[in-house]
Amino acid sequence: MVSLSSSRMFKLLQGHIQPAGHRSGKTRLVTKDGRCNIEFGNIEYSNHFAYLVDFWTTFVEIRWRFVLLLFVASFTGSWFIFSLLWYWIAKSNGDLMGQNRTDGHVQCVDNVNGLTTAFLYSLETQTTIGYGGRALTGHCAGTVALIIIQSLIGVFINCFMCGVILAKISLPKKRAKTVTFSDTAVICLKKGSLCLLIRVANLRKTLLIGSQIYGKLLRTTTTPDGETIILDQIDIDFMVDAGKDNLFFVCPLTLYHVINRSSPFYELSADSLSQQDFELVVFLDGTAESTSSACQVRTSYIPQEIQWGYNFLPIISRTKMGKYRVDFSNFSKSVQVTTPHCVHCFETDYDQKNQNSHSLENHNNQEKVGIDNLGFQVIDIHESVDMTKM
């Protein structure tokens, strides 16, 4: 009997644990570090040409491995192509080894007598090394035109590759790596309202100017006409104590969304939260103070990453030296607090308290007889005072 009950208990626990694990492995549209999990399929071949037309953006956005490959291939390829042209000029002029040279033969390029030396001369010319062993003689007009063309193309390749590398290094998304969100979100009472709280921190001392914070709730909905909309987007407003826009983002901030009748979380409760299927994407837009480049930081939360009845631990303190200290060890930690089971419960309790306070106030007013003497002054009360007017 004991083994049978244990087996049933294990199956029961297994049945409860597996769905939760399956939901936690839900595919996200936006990962925790802000990358979008989406792919495009069945794109027409003609549309791929648009990537080549916008070649600058294409080169800036490709991976570093391809940039380095392009860097090596562009320089090495140009050196080799021009080495073939120098080799062809030398061969046409009879400068190569093994060719019959007459007395008084003048070479177009000194010491270029094979493909290897032609490649070395091309490399030395384009990189402006100039060892002095190979140089133009000035007796061939084609060599003058070719060295001008190679020098111009070499400058163009240098400028383009330096621009691509500099643009990739200074991409705004690199600045976004130093802005972090809390691993989880919490739901608790804040300023007399039930709110969803998220914490965000700037790891650099330089500010993000003009910061704006907003959210999008992604979920699958069905319209009254029976149409299913995948990834339907609903606006979520976030605020901080200092306002909504132009935040003073010098220390970690706690964002909160008030769960009221206009909120999409209004029907949620502590029991039904983990059974929902949605994704909350949070965005932070700002301009980096040091580079004046606009950047966007984003992350996402699924229902299993939202804790009902918890609040974040304090992380800001003041040292004896008068400095403000931020303890990031408690950045994503939370503690359990007293929280209503659902929004309806909170509103019902709030209305009941208001009714009780109003009834108590009315009761006190009805029992009150006489004249208010708030200043504790001695006054004379005449018998002719009409008490009904008081």
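Each value, and the rule that gives it
Residues numbered from 1 in each chain as written. Predicted model: local features only at pLDDT ≥ 70, side-chain atom pairs only at ≥ 80, totals over all residues. Heavy atoms only, no water. Helix = DSSP H or I, 4+ residues; strand = E, 2+ residues; numbered from the N terminus. Buried < 20%, exposed > 50% of the residue type's maximum accessible area, 1.4 Å probe, protein only. Contact = heavy atoms within 4.5 Å. Areas by Shrake-Rupley, 256 points an atom, 1.4 Å probe, with all protein chains shown as cover. Pairing = 2+ DSSP bridges. Expected span 1.5 Å × (residues − 1). Axes fitted to C-alpha atoms, helices over the stretch in contact; angles between N-to-C directions. Core = buried A, V, L, I, M, F, W, Y, C linked by side-chain atoms within 4.5 Å. Parallel < 35°, antiparallel > 145°, perpendicular 65-115°, else oblique. Left-handed = near helix turned anticlockwise from the far one by under 90°. Nonpolar A, V, L, I, M, F, W, Y, C, P; charged D, E, K, R; others polar. Phe/Tyr/Trp six-rings, centres within 6.5 Å; stacked < 30°, edge-to-face > 60°. Lys NZ or Arg CZ within 6 Å of the ring centre and 35° of its normal. Salt bridge = Lys/Arg side-chain N within 4 Å of Asp/Glu carboxyl O. Disulfide = S-S within 2.5 Å.

Draft legend 1. Geometry of the overall build of the protein. A count of helices and strands for the protein gives eight helices and 13 strands. Residues counted as buried form 31% of the 390 residues belonging to the protein. Excluding contacts between residues fewer than 6 apart, the proportion of contacts in the protein whose partners are at least 24 apart in sequence is 65%. When the accessible surface of the protein is split by element, carbon and sulfur atoms take 58% of a total near 25800 Å².

Draft legend 2. Inspection of the pairing of strand β2 (residues 185-190) at higher detail. Most of β2 sits inside the fold, with five of its six residues counted as buried. Here three bridges tie β2 to strand β9 (residues 306-308), and the two strands are oriented parallel to one another. Bridging from a neighbouring strand, Val186 pairs with Gln307 of β9. Between β2 and strand β3 (residues 193-202), which pair antiparallel and follow one another directly, the connecting turn spans two residues, one of which, Lys191, has a positive phi of 55°.

Draft legend 3. The arrangement of helix α4 (residues 64-93) in detail. Relative to the 44 Å expected for 30 residues at 1.5 Å per residue, α4 spans 44 Å between its end C-alpha atoms, a close match to the ideal helical length. Those residues of α4 not exposed but buried are Val67, Ser74, Phe75, Ser78, Trp79, Phe82, Ser83, Trp86, Ile89 and Ala90. The elements touched by buried residues of α4 are α3 (55-61), α5 (115-126) and α6 (141-169). Positive phi shows up at Gly94, right after α4, with a value of about 80°.

Draft legend 4. Representation of the sheet that holds strand β7 (residues 278-288) in the model. Strand order in the open sheet made by the four strands is β5-β4-β7-β8, with antiparallel pairing throughout. Of all strands in the sheet, those with a lone pairing partner are β5 (228-237) and β8 (294-301), marking the two edges. Across this sheet, the average inter-strand angle for adjacent strands is 25°, counted without regard to direction.

Draft legend 5. Inspection of the nonpolar core at higher detail. If you look at the biggest cluster of nonpolar residues, it comprises 34 residues, and the most contacted ones within it are Phe181, Leu196, Ile198, Phe238, Phe265, Leu280 and Val282. Residue assignment for this core shows that the elements contributing at least two residues are β1 (179-181), β2, β3, β4 (208-222), β6 (253-258), β7, β8 and β9. Setting aside anything within four residues of it in sequence, one finds Leu196 in contact with Ala185, Val186, Ile187, Phe238, Leu255, Tyr256, His257, Ile259, Phe265, Leu280 and Ile306. Judged by nonpolar contacts, the second largest core, of twelve residues, contains Phe82, Trp86, Cys108 and Val109.

Draft legend 6. A look at the packing of α4 against α5. The N-to-C vectors of α4 and α5 enclose an angle of 125°; their axes lie 8 Å apart at closest approach. Taken together, the axes of α4 and α5 lie oblique to each other. In this structure, the crossing between α4 and α5 has a hand that is right-handed. Of α5, the residues touching α4 (which contributes Phe75, Ser78, Trp79, Phe80, Phe82, Ser83, Leu84, Trp86 and Tyr87) are Leu115, Ala118, Phe119, Tyr121, Ser122, Leu123 and Gln126. Grouping the constituent residues of the contact of α4 with α5 by class yields twelve nonpolar, four polar and no charged.

Draft legend 7. Quick peek at the packing of aromatic side chains. Taken as a whole and assessed by the stated rule, the structure comprises eleven aromatic pairs. For the pair Phe328 and Phe331, a centre-to-centre distance of 5.9 Å together with 45° between the ring planes defines the contact as tilted. One aromatic cluster in this structure is built from Phe55, Trp56, Phe59, Phe156 and Phe160. For the cation-ring pair, Lys168 lies above Trp64, with the distance from its terminal atom to the ring centre recorded as 5.3 Å.

Draft legend 8. The arrangement of the environment of Ile89 in detail. Inspection of the secondary structure puts Ile89 in helix α4. The exposure class of Ile89 is buried, given its relative accessible area of 13%. Note: C-alpha distance between Ile89 and Gly142 (53 residues apart in sequence) is 7.9 Å.

Draft legend 9. How the structure looks around the pattern of salt bridges. Scanning all chains against the criterion turns up five salt bridges. The partner of Lys32 in a salt bridge is Glu305, with the nearest N and O atoms 3.4 Å apart. Remark: Glu305 occurs in the loop between β8 and β9 and Lys32 occurs in the loop between α1 (2-24) and α2 (45-53); sequence separation between them is 273 residues. Classification of Lys32 by relative accessible area gives partly exposed; the value is 32%. Here the salt bridges do not stand alone but share partners, grouping Arg28, Lys32 and Glu305 into one network.

Draft legend 10. Local environment of the state of the cysteines. With the rule as written, the count across this model stands at one disulfide. Paired through a disulfide, Cys108 and Cys140 show a sulfur-sulfur distance of 1.9 Å. Taking the torsion about the S-S bond as the criterion, the Cys108 to Cys140 disulfide, at about -70°, is left-handed. Placement of Cys108 in the loop between α4 and α5 and of Cys140 in the loop between α5 and α6 is noted, with a sequence separation of 32 residues between them. The same class applies to Cys108 as to Cys140, namely buried. Free cysteine Cys195: the closest other cysteine sulfur is in Cys188, separated by 7.3 Å.

Draft legend 11. Layout of α6. The terminal C-alpha atoms of α6, which comprises 29 residues, lie 43 Å apart, in line with the 42 Å expected from a rise of 1.5 Å per residue. Where α6 is buried, its residues touch α3, α4, α5 and α7 (172-175).

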